[in-house]
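# Topology and contacts: notes
In case you want the letters, here they are:
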Amino acid sequence: MSECWLVLGASSAIARAFARHAARAGDMVILAGRDADDLAAGATDIAIRGPGAAHTLQFDARDHASHIAVVAHAAELAGDLPLSVFLAFGAMPSQAEIDVDFAVAWTALDTNFVGAVSILQALAPVLERCKAGRIVALSSVAGDRGRLKNFVYGAAKAGLTTYLQGLRARLFRAGVPVTTVKPGFVDTAMTWGLPGMFLVASPEAVAAKCYVAATKGKEEIYVPFFWWGIMTIIRNIPERIFKKLSI
Amino acid sequence: MRAKTTTLTGWGRSSQARLEAWRPERGAELEAVLAAASGQAGVIAHGAGRSYGDSALNDGGAAILTQRLDRISSFDAGTGELVAEPGVTFRDLISTFVPRGFMPPASPGTAFATLGGAVAADVHGKNHDRHGSFGDHVRWIDLLGADGQTRRVSPGDHAELFAATIGGMGLTGLIRRIAITLLPGASEVVRVSERRVRDLDEHLAGLFAARAQANFSVGWVDAMASGASLGRGILETAEFAPGLAVPPPPKRRRILIDLPGFVLNPLSIRAFNRLYGARVPQAGRESVRRLDVFLYPLDAIHDWNRIYGKKGFYQFQCVIPDAEAPRTIREMLETIARAGRASFLAVLKTLGSAGQGMLSFPMRGVTLALDFPRKTGVEELIVGLNRLARERGGRVYLAKDALLAREDFRAMYPRHAEFAELLGRIDPTAKFTSDQARRLSLTPARRA
């Protein structure tokens, strides 16, 4: 397989691992994000390790107006290769911070949901036109149920999951698969030092699973797989009981 | 950024520490992380956690984990110069550069070790006689010091700080980037020749002869053998073999549980050592192996330290100057055999020359390394071995050490005062410190 992966939010641990994985497989990668220095360091690293080439692209999920230009730039960098998308950006402020400041809630909603919809809406026509490529987006198990401890983030991710369902139906008609990935706890800067973490997966393992799921054109996966079982239980607890739980 | 309160151990799992662990993912975060982490109880960098004792631990304080700072920054195929962040591992270098004909010039016994750790311990490998230790190939280091400033230290600039950083066990600061020259002429496979050696004399004679003849050499000693067969084992030498077909990498195995203590006993270890020796036919053998398989035989079993159970083990490694080596190593092996202290294979190797660092381990001599399950009485045995190494003008490897006494350390490392004096100037409050540093008084005393 040789394609060009636009990695959105490329400084995050899972995205870094995914970009390395793809480049190792011979794909081209475009590292897109806000921290230009970090992206450049990542691209240099990938280009040296090879064999896939690496580029960088300035991208801010919250700067919706710039997204059309970002997509045009990415398509140009991809050249003749089919453009695929790995959407990995996100923000997870604590519920406590969100509860005292709506601006923080808006950051979570805008980054995880509105920003994702904005860039994917801009990308969809390109993939549709080429009838090639694929989209893999990181949603979250947190979107499966609104929980006391994380429900604004959860609501944003639930919105993203629902959006991706519709996008999948649309792009299916162009032969472009859309894969929703719902990671459980992953060992990233986002979760480092948070209390209550268990069964934490490595970013490399999650990235490898994402890559395989993408090549197989899977619709929706939990990573690691056992989160499907955990979330099935959590989804099926009756609301009158669930509301009393503090998970 | 958040820290995580956690327990870290040395690879031997006999040393452990409860500490605040910080794990930066971007180089630009380092100043802030250092400021946040180096509070009351100081901080130490922690790479892959492959040093055996307490050198990367800081009980009650903080550690900065470098494993996510793992970017390669540049590589020049003309000169072999590589610039990389401290969390890049030997495994990264082997897989990326050996197919292009370059390899790390000096490599420890595990590819999981990081380049930052390789600087801190000035590691050596099976080609030390030819190519020296890791520090001999370092061109410069970008070092973030206790004062929050980053300096490029090299043999030409800040030479004193450079010499303290090579082999300095992480106590001079945080390494941001390292420039080293990779060794050209590497091949993905090596031609290995193995032969049985009957006793210590034959073993040492073979190793001494290999110094001039072989690119790589190492001896495996059956540490359970005594009497006339004391020091018997297998002598391995290897040469590059360019152009040969590369076998696929072996499947890595894992040890999923801590084995109970009774699994390793003198009988089982004796049996293992016998089998290991019997692999090689009487007449010796030649084979072709992947370079990584030859360099890192233990990496095939991912968590091999778990076979020693929950209590862990100690590794003892010393180097003894050539002239004293035969009788000293004989005495050491006799002491170990007499104590009935089961150890898996011991490793015997020659070293070529002294390292660049003030606290570099290598010197011209013979190095002996072996593991001891952590059972009652083993500490005394190791303390005795440490003393003997000191008496014979040798030294103990700080990357393996958990038990060295301060006076023994000072006698073994003649530049210790120079090192302490420098640290007193650049880091008077000992922002950088470790359990080992406090045990050996490497750093200035902290005021409570």
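Given the structure is predicted, the values throughout are model-derived calculations rather than measurements. (Residues numbered from 1 in each chain as written. Chains lettered and ligands numbered in written order. Predicted model: local features only at pLDDT ≥ 70, side-chain atom pairs only at ≥ 80, totals over all residues.)

### Focus: the overall build of chain A
- Secondary structure summary: chain A contains nine helices and seven strands in total.
- The C-alpha radius of gyration computed for chain A amounts to 17 Å, which stays within 12% of the reference 18 Å derived for 247 residues, consistent with globular compactness.
- Oriented by its inertia axes, the alpha-carbon framework of chain A measures out at about 55 × 40 × 35 Å.
- Sorting the 247 residues of chain A into buried and exposed places 45% on the buried side.
- Expressed as a percentage of contacts within chain A between residues at least 6 apart in sequence, the contacts between residues at least 24 apart total 67%. (Helix = DSSP H or I, 4+ residues; strand = E, 2+ residues; numbered from the N terminus. Rg over C-alpha atoms; globule rule 2.2 N^0.38 Å. Buried ≥ 20, exposed ≤ 12 C-beta atoms within 10 Å, placed from the backbone. Contact = placed C-beta atoms within 7 Å.)

### Observations regarding the overall build of chain B
- Counting secondary structure elements, chain B contains 13 helices and 19 strands.
- The C-alpha atoms of chain B give 21 Å as radius of gyration, which agrees with the globular expectation for 448 residues (22 Å, within 12%).
- A principal-axis box enclosing the C-alpha atoms of chain B has dimensions of 60 × 50 × 45 Å.
- Within chain B, residue pairs in contact and separated by at least 24 positions form 73% of the contacts whose partners lie at least 6 positions apart.

### A closer look at the sheet that holds strand β15 (residues 285–290) of chain B
All names here are of chain B.
- Reading across from one edge, β15-β12-β14-β13-β17-β18-β16-β19 is the order of the eight strands in this open sheet, with antiparallel pairing throughout. Of all the strands in the sheet, the pair left with one neighbour each is β15 and β19 (395–396).
- Here five bridges tie strand β17 (residues 346–351) to strand β18 (residues 365–373), and the two strands are oriented antiparallel to one another. The partner of L351 across the bridge, within β18, is G365. (Pairing = 2+ DSSP bridges.)

### Looking at the sheet that holds strand β10 (residues 174–181) of chain B
Residue and element names in this part refer to chain B.
- Spatially, the five strands line up as an open sheet ordered β5-β6-β10-β8-β9, and their pairing is antiparallel. Either end of the sheet is taken by a strand with one partner, and the two such strands are β5 (72–76) and β9 (150–153). Ignoring strand direction, the axes of neighbouring strands in this sheet form an average angle of 10°.
- Across four bridges, the pairing between strand β8 (residues 138–144) and β9 is antiparallel. Across the sheet, D142 pairs through a bridge with R152, a residue of β9. (Axes fitted to C-alpha atoms, helices over the stretch in contact; angles between N-to-C directions.)

### Description of the confidence of the model for chain B
- Considering every residue of chain B, the mean pLDDT works out to 94; 99% of them sit at 70 or more.
- Across the whole predicted complex the pTM is 0.95, and at the interface the ipTM reaches 0.93. (pLDDT = per-residue confidence, 0-100.)

### Some points on the nonpolar core
- Within the largest apolar cluster, 134 residues are counted, with the highest numbers of intra-cluster contacts made by B:A63, B:I64, B:V119, B:A346, B:V366 and B:L368.
- Among the elements that make up this core, the one with the highest residue count is strand β16 (residues 313–321) of chain B (six residues).
- Per-domain counts for this core show at least three residues from each of domain 1 (81–185) and domain 2 (189–409) of chain B.
- Once residues within four sequence positions are removed from consideration, B:V119 is found in contact with B:F134, B:G135, B:V138, B:I141, B:T165, B:I166, B:I175 and B:I178.
- Judged by nonpolar contacts, the second largest core, of 72 residues, contains A:V70, A:A88, A:I98 and A:C210. (Core = buried A, V, L, I, M, F, W, Y, C linked by C-beta atoms within 7 Å. Domains from an automatic or database assignment.)

### Regarding the pairing of strand β6 (residues 81–84) of chain B
All names here are of chain B.
- Direction of pairing for β5 relative to β6: antiparallel, over a ladder of four bridges. What sits directly across from D76, in β6, is E81.
- Linking two consecutive strands that pair antiparallel, namely β5 and β6, is a turn of four residues; a positive phi of about 80° is found at G80 within it.
- The pairing of β6 with β10 spans four bridges and is classified as antiparallel.

### Some points on helix α7 (residues 203–216) of chain A
Residues and elements named next belong to chain A.
- If you check α7, its first and last C-alpha atoms are 20 Å apart, about what 14 residues at 1.5 Å a residue would give, namely 20 Å.
- All buried positions along α7 are accounted for by P203, V206, A207, K209, C210, Y211, A213 and A214.
- Looking at the packing, one finds that the buried side of α7 touches α1 (13–24), β5 (135–138), β6 (178–183) and β7 (220–223).
- Taken from the residues just after α7, G217 is the one with a positive phi, measuring 65°. (Expected span 1.5 Å × (residues − 1).)

### Some details on the pairing of strand β4 (residues 62–65) of chain B
All names here are of chain B.
- Judged by which residues are buried, β4 turns out to be covered on both faces: A62 and I64 on one side and A63 and L65 on the other are all buried.
- In this sheet, β4 lies alongside strand β2 (residues 16–22) in parallel orientation, the contact comprising three bridges. Paired with E20 across the two strands is A62, which belongs to β4.
- Bridge count for strand β3 (residues 43–46) against β4 is four bridges, and the pairing is parallel. Residue pairing in the sheet places V43 in a bridge with A62 of β4.

### Here we look at the environment of B:R439
- Structurally, B:R439 is set in helix α13 (residues 435–439).
- A count of 19 C-beta atoms within 10 Å places B:R439 in the partly exposed class.

### Structural notes on the domain arrangement of chain B
All names here are of chain B.
- In terms of domain boundaries, chain B breaks down into domain 1 (81–185) and domain 2 (189–409).
- Where the side of domain 1 that touches domain 2 is concerned, the elements lending two or more residues are α4 (128–131) and α5 (159–165).
- Among the elements that take part in the side of domain 1 that touches domain 2, α4 stands out by supplying three residues, more than any other.
- Counted by class, the side of domain 1 that touches domain 2 contains nine nonpolar, 12 polar and five charged residues. (Nonpolar A, V, L, I, M, F, W, Y, C, P; charged D, E, K, R; others polar.)

### A closer look at helix α6 (residues 200–213) of chain B
Residues and elements named next belong to chain B.
- For α6, built from 14 residues, the straight-helix expectation of 20 Å at 1.5 Å per residue is met to within 8% by its first-to-last C-alpha distance of 20 Å.
- Within α6 the residues assigned to the buried category are L200, H203, L204, G206, L207 and A210. Buried residues in α6, looked at end-on, bunch into an arc of 160°, giving them a common side. In α6, the exposed positions that point more than 90 degrees away from the buried face belong to A212 and Q213.
- Looking at the buried side of α6, the elements it contacts are β12 (189–197), β13 (216–221), β14 (233–240), α9 (325–339), β17 and β18. (Arc of directions from axis to C-beta.)

### A look at the packing of helix α3 (residues 67–78) of chain A against helix α5 (residues 102–130) of chain A
Residue and element names in this part refer to chain A.
- Running from N to C, α3 and α5 cross one another at 45°; their axes reach a closest spacing of 9 Å. The angle between α3 and α5 places the two elements in the oblique class. The interaxial crossing formed by α3 with α5 has right-handed handedness. From α3, H67, I68, V70, V71 and A75 reach across to α5, where they touch S118, I119, A122, L123 and V126.
- In terms of residue class, the contact of α3 with α5 is made up of eight nonpolar, two polar and no charged. (Parallel < 35°, antiparallel > 145°, perpendicular 65-115°, else oblique. Left-handed = near helix turned anticlockwise from the far one by under 90°.)

### As for the packing of α1(A) against helix α2 (residues 36–49) of chain A
All names here are of chain A.
- For the pair α1 and α2, interaxial distance at closest approach is 10 Å and the crossing angle is 25°. Compared by their axis directions, α1 and α2 come out roughly parallel. Judged by the sense of rotation from one axis to the other, the crossing of α1 with α2 is right-handed. Residue-level contacts link R16, A19, R20 and A23 of α1 to G42, I46 and R49 of α2.
- Considered class by class, the residues forming the contact of α1 with α2 number three nonpolar, one polar and three charged.

### Re unusual backbone geometry
- A cis amide bond links A:G50 to the next residue, A:P51, at an omega of -5°.
- Cis peptide bonds are those with omega within 30 degrees of zero, and the linkage from A:V223 to A:P224 qualifies with -15°.
- On the secondary structure map, A:P224 appears in the loop between β7 and α8 (227–236).
- Positive phi outside glycine occurs at B:M169, with the angle close to 55°.
- In this fold, B:M169 is placed in the loop between α5 and β10.

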